[in-house]
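# Tertiary structure, described
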Amino acid sequence: MSDKKDLLTTLSKALTINLDGSRYGTIAEIGAGQEVARVFFQAGSASGSIAKTMSAYDMTFSDAIYGKAPRYVSRERLQTMLQHEYSLLKERLFEKRGERTQFFVFANTVATKGNDGHGWLGIRFQTAPLGEPSEIIIHVRMWDKINRLQQEALGIVGTNLIYGAFYNLDDPETFILSLVDNVGTDRIEVDMLKFSGPAFSHVDNRLLSLYLVKHGLTNAVMFAPTGDVLQPSEALYNRAVLVERGSFRPVTHINVDMLNCATAQFLHEPPVKDKNLIVLMEITINNLLQNGKLDTADFLERVDMLGHIGFTVLISNYSEFYRLVSYFRRYTKEMIGVALGINTLVEIFNEKYYENLEGGILESMGRMFKHAVKLYVYPMRQETYAKFAATDPSVGTPELATDELITARNITVAPHLRLLYRHILENGRIDCVSGYNEDYLTIYSREVLEQIQSGNPAWERLVPARVAAVIKQRNLLGYTGPQPAARP
């Protein structure tokens, strides 16, 4: 959020736009979103910026203006509104003032409903007279329990969006922070944002989405394999979910094999048969921090690698798995599967992560396994596990024969947690992955990264061919090509 000392009130932002004189346009609102135009009229001098306001609450009237829609609160409906109103604006006012005016259309379509209010907001605007328009769209969730307060919050966010589009485009991160000025993230969540058009030819929407998570405007964002930003409620709604968490630096054969094997088992679960399924690779934002700072280049490299081999990517700020599962439960009642390695399974049973919960690890397990949730655990060789354990003194190493695999059935947890672990295991909430490729079990991602950065070509056989190709083509992860052979 902006510094409170410099924070303009909502009415001050609207008045600034009204007095500017260079921008002129339409505010169109349907459904419960009838608040933004009111802010501009209350601010005064609205004739300086508003050519028209349009409000339609009845679906029949809305259909008559914009055509029939399968869903009224949707991205498709919002973009129809922006296109229709912008065309009318140009048609009626271009000759009179097109050479001296930057036209804009703001639109929203919103439903207020208890704790589940949400809506789409957008603005189409020129950055110079006679120029081609650019566009910003966002999806918001409103957390106030009273509809009137949700409407009030919507008016604030809509005004922030218009003001940011006009005055904060030089710094997209500042623009994102300004969206919750005077309202805060406890009342509004912005879980999707997309810039498009000539003003944003240099902008990567994935970075903007990352900033939403970084600054707490939302807890998770999603990207299609193409890199397009996805709206979580649309992508996850009523679908069975299978997710693998990892660092993916780089994506190795183990990552892909783990998810493929888990998917095969997940699809045989009775609750999953004949259900729509979404498969995700997930990275926590803590995994993207280096020395406390967000490494945006590293973030884009990982998303590019995963997208290059066809995976949908989720970036979240959920360190604990029970919080990740709760996030999915916002959108779906179907089964949730989590693919993970032995090292991650051991971490789930590390009590230090649950000190903030009154019920500690028991509460976390109750939350995570409350509904249909299962963990699919990929095995690991003891020598590979020891490499992970060496980086964290709190991680114990099972006492096994050197050639024995560590699986979900023979891991070591703290003595006082063994009965809890056995209960979860014997009740079918944890399953051992089968059908895995034994040749991949010696792969250790940190060693692969070291080989990439040192020029040792051995790394290429440890990652999927398409991942190797994109690393070499784009010089990702510090790759600079093989080093010349040493002279005898």
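Before going into details, it helps to say that this report is about the structure given with it. (Residues numbered from 1 in each chain as written. Predicted model: local features only at pLDDT ≥ 70, side-chain atom pairs only at ≥ 80, totals over all residues. Heavy atoms only, no water.)

## Some thoughts on the packing of helix α1 (residues 10-20) against helix α5 (residues 147-167)
At a minimum axis distance of 9 Å, the contact between α1 and α5 shows a crossing angle of 45 degrees. Relative to α5, the element α1 is oriented oblique. Read as a crossing pair, α1 and α5 show a hand that is left-handed. Between α1, through Thr-10, Lys-13, Ala-14, Thr-16, Ile-17 and Asp-20, and α5, the contact on the second element is made entirely by Ile-156, Thr-159, Asn-160, Ile-162, Tyr-163, Phe-166 and Tyr-167. For the contact of α1 with α5, the class distribution of residues is 7 nonpolar, 4 polar and 2 charged. (Axes fitted to C-alpha atoms, helices over the stretch in contact; angles between N-to-C directions. Helix = DSSP H or I, 4+ residues; strand = E, 2+ residues; numbered from the N terminus. Parallel < 35°, antiparallel > 145°, perpendicular 65-115°, else oblique. Left-handed = near helix turned anticlockwise from the far one by under 90°. Contact = heavy atoms within 4.5 Å. Nonpolar A, V, L, I, M, F, W, Y, C, P; charged D, E, K, R; others polar.)

## Details of the environment of Val-377
Tracing the chain through its elements places Val-377 in strand β15 (residues 373-378). Linking Val-377 and Cys-432, residues 55 residues apart in sequence, is a C-alpha distance of 5.0 Å. Not counting residues within four places of it along the chain, the set of residues in contact with Val-377 comprises Leu-340, Gly-341, Ile-342, Leu-345, Ala-408, Ile-430, Asp-431, Cys-432 and Val-433.

## Re the environment of Pro-270
By the secondary structure assignment, Pro-270 is in the loop between α9 (253-266) and β10 (277-284). For the pair Pro-270 and Asp-439, spaced 169 residues apart in sequence, the C-alpha to C-alpha distance is 31 Å.

## A short note on the packing of helix α11 (residues 321-329) against helix α13 (residues 360-368)
Where α11 contacts α13, the axes come no closer than 8 Å and their chain directions differ by 30 degrees. Put simply, α11 runs roughly parallel to α13. For the pair α11 and α13, the sense of crossing is left-handed. Residues Phe-321, Tyr-322 and Val-325 of α11 pack against Ser-364, Arg-367 and Met-368 of α13. Its residues assigned to classes, the contact of α11 with α13 shows 4 nonpolar, 1 polar and 1 charged.

## Side note on unusual backbone geometry
Of the consecutive residues Arg-249 and Pro-250, the connecting peptide bond is found in the cis state with omega at 5 degrees. Take Pro-250: it is sitting in the loop between β9 (240-245) and α9. Even without glycine at this site, Phe-248 takes up a positive phi of about 50 degrees. Tracing the chain through its elements places Phe-248 in the loop between β9 and α9. Phe-248 gets classed as buried once you look at its relative accessible area, which sits at 1%. We note that Asn-475 has phi near 55 degrees; this positive angle belongs to a residue other than glycine. Within the element layout of this structure, Asn-475 appears in the segment after α17 (465-474). Exposure remark for Asn-475: the relative accessible area of 45% places this residue in the partly exposed category. (Buried < 20%, exposed > 50% of the residue type's maximum accessible area, 1.4 Å probe, protein only.)

## Remarks on the pairing of strand β1 (residues 23-31)
Judged by how many residues are buried, β1 sits mostly within the fold: 9 of 9 residues are covered. Pairing between β1 and strand β3 (residues 102-111): 9 bridges, direction parallel. From the neighbouring strand, Gly-31 faces β3, where its bridge partner is Val-110. Here β1 pairs with strand β2 (residues 50-56) via 6 bridges, running parallel. Pairing of Ile-30 across the sheet is with Ala-56, part of β2. For the crossover from β1 across helix α2 (residues 36-43) to β2, the handedness is right-handed. (Pairing = 2+ DSSP bridges. Right-handed = clockwise from strand over helix to strand, strands pointing away.)

## Comments concerning the pattern of salt bridges
Tallying each qualifying case throughout the model produces 26 salt bridges. Of the charged contacts in the structure, one is a salt bridge between Lys-13 and Asp-181, with a shortest N-O distance of 2.9 Å. Here Lys-13 is found in helix α1, whereas its partner Asp-181 is found in the loop between α6 (172-178) and β6 (188-196), with 168 residues between them in sequence. Look at Asp-181 and you get buried, because its relative accessible area is 3%. A salt bridge links Asp-63 to Lys-68, with the nearest nitrogen and oxygen atoms 3.9 Å apart. (Salt bridge = Lys/Arg side-chain N within 4 Å of Asp/Glu carboxyl O.)

## Brief notes about the packing of aromatic side chains
This structure, assessed with the given rule, holds 17 aromatic pairs. Centre to centre, the rings of Phe-104 and Phe-166 are 5.4 Å apart; their planes meet at 75 degrees, and the pair counts as edge-to-face. Of this pair, Phe-104 sits in strand β3 while Phe-166 sits in helix α5; the two residues are 62 residues apart in sequence, bridging distant segments of the chain. Phe-166 matches Phe-104 in its accessibility class, with the two residues each being buried. Directly above the ring of Phe-94 sits Lys-90, whose terminal nitrogen or CZ lies 5.9 Å from the centroid. Positioned over the ring face of Phe-321 is Arg-245, at 4.4 Å from the centre of the ring. (Phe/Tyr/Trp six-rings, centres within 6.5 Å; stacked < 30°, edge-to-face > 60°. Lys NZ or Arg CZ within 6 Å of the ring centre and 35° of its normal.)

## Things to note about the sheet that holds β10
Spatially, β8-β7-β13-β10-β9-β14-β15-β18 is the arrangement adopted by the 8 strands of the open sheet, whose pairing is mixed. Each edge of the sheet is formed by a strand with only one pairing partner; in this case those strands are β8 (229-230) and β18 (430-432). As judged from the 4 bridges shared by β9 and strand β14 (residues 336-341), these two strands associate in the parallel manner. Bridging from a neighbouring strand, Leu-242 pairs with Gly-337 of β14.

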